[in-house]
Each structure stands twice: as C-alpha cells, then as structure tokens.
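Structural characterization, general
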Amino acid sequence: MLLILAVLLCRDEGPPPKRRDRLPKPAQAEKSVSLWSILKEVVGKDLTRVCLPVYFNEPLSALQKIAEELEYSELVDKVCVCCLRYTTACNEQNGSIQ
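Just so it is clear, the structure is predicted and the values come from calculations on it, not from any experiment. (Residues numbered from 1 in each chain as written. Predicted model: local features only at pLDDT ≥ 70, side-chain atom pairs only at ≥ 80, totals over all residues. Heavy atoms only, no water.)

**Some words on the overall build of the chain**
Within the chain one finds 4 helices and 0 strands. Counting from the amino terminus, the chain carries its helices and strands in the arrangement α-α-α-α. Per-residue burial for the chain yields a buried fraction of 9% across its 98 residues. Per element, the accessible surface of the chain, about 9,200 Å² overall, is 60% carbon and sulfur. (Helix = DSSP H or I, 4+ residues; strand = E, 2+ residues; numbered from the N terminus. Buried < 20%, exposed > 50% of the residue type's maximum accessible area, 1.4 Å probe, protein only. Areas by Shrake-Rupley, 256 points an atom, 1.4 Å probe, with all protein chains shown as cover.)

The following block contains the structure:
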C-alpha cells in the first residue's frame, strides 16, 4: 500500500511536499474506562467469558498511535526517489525530457 501511495505522490509535478514539524492533535479523546475497573468486576469469574474492549489491545497513547503512521515514512521517500529516477530514465529513452 505504501508503494502505491508513493507512486501516486511521485506523479505530481508540483514542488515536493513540505515536511511537518509538529503532529496534529488526536481527533478522539482517550477512553475513560480503565483496565483496573474492569479487572475488579471480573475477579473470580471465568475469563473465557469476559469481554474486554478492543482498545485495550491498541497502542498506549495518542503519541504512539501517531508514531505508527510515520514509522515507514523513509521508505516512502526512497520509493519516491526511485520513481523519479525511473520516470526520468523513461523520458530520456523516449526523447522527451521534461
């Protein structure tokens, strides 16, 4: 998916995108249900029948959630450079240098 995104980004003929120096604030507030309150309710019960919210398996903080999106950004940059080189080489072969 990153490769497709990088190829689509490289097709744009405009100036390279400006890098962000700050991340946006998270759209959702942190959940107020705590793991401890749920564990207190299920003490002594069969844990195979206890339903835990899905977000307990999600990253711990908003910063960690946002950082996951930026984890492979350097690969997208490398693909963009390769795409640009490939496009330039194809244009040179066809005799249409832009």
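Still to come is the rest of the account.
**Concerning a nonpolar patch on the surface**
On the surface, Leu35, Trp36, Leu39 and Leu52 cluster together into a nonpolar patch covering about 430 Å² of accessible area. Note that Leu39 resides in helix α2 (residues 35–41). Given the relative accessible area of 34%, Leu39 is considered partly exposed. (Patch = residues over 30% accessible without salt bridge, like charges linked within 9 Å, V, L, I, M, F, W, Y side chains within 5 Å. Salt bridge = Lys/Arg side-chain N within 4 Å of Asp/Glu carboxyl O.)

**A word on a negative patch on the surface**
Together, Glu68, Glu69, Glu71 and Glu74 line one region of the surface with negative charge. Given the relative accessible area of 43%, Glu71 is considered partly exposed. (Lys, Arg positive; Asp, Glu negative; His and termini not counted. Charge placed at Lys NZ, Arg CZ, Asp CG, Glu CD.)

**Thoughts on the pattern of salt bridges**
Within the structure shown, the criterion is met by 1 salt bridge. Across the salt bridge formed by Arg19 and Asp77, the nearest N and O atoms sit 2.1 Å from each other. Of this pair, Arg19 sits in the loop between α1 (2–10) and α2 while Asp77 sits in helix α4 (residues 73–94), and the two are 58 residues apart along the sequence.

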